[in-house]
Amino acid sequence: MPLTMPIEPTVKASVAMSLLGLELNNKRLMRLSGSEKPEGQRQMKYKPQDMLNIRARLAGVAPEIVRAAMDANTQLPAIIVTRMTKGGIGKTSITVNLATSLALSGYRVLLIDADPQASATNMLGIETETYHPHIGKLLLTSSDKPDDLRDFILPIFEDGFLDLIPSDVELDSTNPALIVSMGREQKAEEFVLRNKKFLSKNYDVILVDTTPGTTPVSVAFTYLAHLAGKILTVVEPEGSCLRALDALQFNLEEVQKLAKKPIDLAILVNKAQIGRKHVEHNYAILTKSYPNRILPVQIPHSIAFTRQIDADDVPSSLPVVLKDPNSKAADSLYNFSRVIASEF
């Protein structure tokens, strides 16, 4: 399978501070990173490794100790599965931007595109006209032996900070195959557990973008969330979205009965236009129906999201936080990534 050339991502000091949620002077930020500005470069730019160093030193821990602990880790990474029974609400866009923001902050992220539409894959500049080995193959594996995940993973960022298991239209064939499979709800859990050593050593968080609706693949990943994670859903404060959220909650309750464990649900409000009467009305219904589940951040409606995927030139596609890093939309996504990081 042809590999993409990994991106060497960097962020300016202003974006680095937005990702951290801190106001630091440039000299201190550079000192905490342990890096120096290259000669001839006007502004210091920070790589994910620099951001990891900054977070470690702010916590009073040497980056070398953090790295050693990461390499020795045997616990499963945090697992965040994005689900919604309705399409067109920006779930995939939010998932990809969250994965990218966390990676820019120095977290090691594995993004799994579990939607046959492959929008998450395209948004990261990967063309899907050619076949890619996808997560469906791993869900249908019956062996207990670890998989060679290197055959499935595309490196998006250098140094392992953002990897992708891409999707392909052929992934849709996994759903009928799972319907006749014994223990289909546990297939994503089986995939993670047999690859626990590799996943624990290489990642801090696994993000899974599922297809809209309720399919065997999405249910399997919902079941997986009981291990070490939660379900993240994205809603707009409008009537049809609230009804779709009720359907998702019902499905979640059914999966919890199978798992015999609680599965946490977090709700992100997207395309927020607070101030409009009908939006305020629907938001009040949302907060009353789902108390303590709505995240303390909202993503504004923004034209920047429409520029992410270039239909004529998919390899030039990038998520908002890379394409428009100084936009209001990007800033709200940095805030969102800090909220998610604090949850884990």
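Up top is the structure.
Here the structure is a predicted model, which means the values were calculated and not measured.

Participant: Any chance you could explain the overall build of the protein here in plain terms?
Facilitator: Counting its regular elements, the protein contains 15 helices and 10 strands. Taken over C-alpha atoms, the radius of gyration comes to 20 Å for the protein, in line with the 20 Å a tight globule of 344 residues would show. If you line up the protein on its principal axes, its C-alpha atoms span 60 × 55 × 45 Å. Put simply, the protein has 344 residues, and 52% of those count as buried.

Participant: I keep staring at the nonpolar core and nothing clicks. Help me out?
Facilitator: Generally speaking, soluble globular proteins have nonpolar side chains that are buried together. Among the nonpolar cores identified, the biggest contains 104 residues, and Ile-135, Phe-221 and Phe-336 are the most heavily contacted of them. In terms of residue count, helix H12 (residues 239-259) provides more of this core than any other element does, 8 residues in total. Dropping the residues within four chain positions of it, Ile-135 is found in contact with Ile-112, Asp-113, Ala-114, Ile-165, Pro-166, Leu-171, Phe-191 and Phe-221.

Participant: How should the sheet that holds strand E6 (residues 162-165) be read in this particular structure?
Facilitator: Strand order across the open sheet formed by 8 strands is E5-E6-E4-E7-E3-E8-E9-E10, with mixed pairing between neighbours. Each edge of the sheet is formed by a strand with only one pairing partner; in this case those strands are strand E5 (154-155) and strand E10 (294-300). One ladder, built from 3 bridges, connects strand E9 (residues 264-272) with E10; its direction is parallel. Looking across to E10, one finds that Ala-272 is bridged to Pro-300. Strands in contact with helix H13 (residues 277-289) are strand E8 (229-235), E9 and E10; relative to E10, the strand with the most contacts, it is inclined by about 155°.

Participant: Sorry, what's going on with the pattern of salt bridges here?
Facilitator: Pairs may arise between side chains of opposite charge once their charged atoms sit close together. According to the stated counting rule, one finds 12 salt bridges in the structure shown. Of the charged contacts in the structure, one is a salt bridge between Arg-150 and Asp-148, with a shortest N-O distance of 3.0 Å. For Asp-148, a relative accessible area of 35% translates into the label partly exposed. For Glu-254, the salt bridge is made with Lys-257, and the minimal N-O distance between the two is 3.2 Å.

Participant: What am I meant to see in the environment of Val-235 here?
Facilitator: Mapped onto the elements, Val-235 comes out in strand E8. A relative accessible area of 0% places Val-235 in the buried class. Separated by 123 residues in sequence, Val-235 and Ile-112 have C-alpha atoms that sit 21 Å apart. In contact with Val-235, other than residues within four places in its own chain, are Met-84, Ile-89, Cys-241, Leu-245, Ile-267, Leu-268, Val-269, Asn-270 and Leu-286.

Participant: Explanation requested: the pairing of E6 in the structure shown.
Facilitator: The side chains of a regular strand alternate, first on one face of the sheet and then on the other. In E6, alternate side chains face the same way, and those of Leu-162 and Leu-164 on one face and Asp-163 and Ile-165 on the other are all buried. With 4 bridges joining them, strand E4 (residues 109-114) and E6 adopt parallel strand pairing. Bridge assignment links Ile-112 to a residue of E6, and that residue is Ile-165. Across 2 bridges, E5 lies against E6 in antiparallel orientation. Residue pairing in the sheet places Leu-154 in a bridge with Leu-164 of E6. Turn length for the E5-E6 hairpin, with the two strands adjacent in sequence and antiparallel, is 6 residues, and the turn residue Asp-159 shows positive phi of about 65°.

Participant: What exactly am I supposed to notice about the packing of aromatic side chains here?
Facilitator: One pair of aromatic rings is described through two measures. These are the centre distance and the angle between the planes. Applying the stated rule across the entire model yields 1 aromatic pair. Across the ring face of Tyr-107, the terminal group of Arg-55 is positioned such that the distance to the ring centre comes to 3.8 Å.

Participant: What am I meant to see in unusual backbone geometry here?
Facilitator: Glycine aside, residues mostly have negative phi angles, and peptide bonds mostly take the trans form. The backbone of Ala-118 sits at a positive phi, close to 60°, despite the residue not being glycine. Residue position: Ala-118 is located in the loop between E4 and helix H6 (119-123). Relative accessible area serves as the criterion here: at 1%, Ala-118 is assigned to the buried category. The backbone of Asn-292 sits at a positive phi, close to 65°, despite the residue not being glycine.

Participant: Would you explain the side chain of Asn-97 in this entry?
Facilitator: Mapped onto the fold, Asn-97 is located in helix H5 (residues 91-104). Classification of Asn-97 as buried rests on a relative accessible area of 0%. Apart from residues lying up to four places away in sequence, Asn-97 is in contact with Phe-305, Gln-308, Pro-319, Val-320, Val-321 and Leu-333.

Participant: Can you walk me through the environment of Asp-312 in this structure?
Facilitator: Looking at the element boundaries, Asp-312 is found in the loop between E10 and helix H14 (320-323). Looking at Asp-312, the relative accessible area reads 78%, which means it is exposed. Spatially, the C-alpha atoms of Asp-312 and Ser-119 are 14 Å apart, while their sequence positions differ by 193 residues.

Calculation notes
- Residues numbered from 1 in each chain as written.
- Predicted model: local features only at pLDDT ≥ 70, side-chain atom pairs only at ≥ 80, totals over all residues.
- Heavy atoms only, no water.
- Helix = DSSP H or I, 4+ residues; strand = E, 2+ residues; numbered from the N terminus.
- Rg over C-alpha atoms; globule rule 2.2 N^0.38 Å.
- Buried < 20%, exposed > 50% of the residue type's maximum accessible area, 1.4 Å probe, protein only.
- Core = buried A, V, L, I, M, F, W, Y, C linked by side-chain atoms within 4.5 Å.
- Contact = heavy atoms within 4.5 Å.
- Pairing = 2+ DSSP bridges.
- Axes fitted to C-alpha atoms, helices over the stretch in contact; angles between N-to-C directions.
- Salt bridge = Lys/Arg side-chain N within 4 Å of Asp/Glu carboxyl O.
- Phe/Tyr/Trp six-rings, centres within 6.5 Å; stacked < 30°, edge-to-face > 60°.
- Lys NZ or Arg CZ within 6 Å of the ring centre and 35° of its normal.

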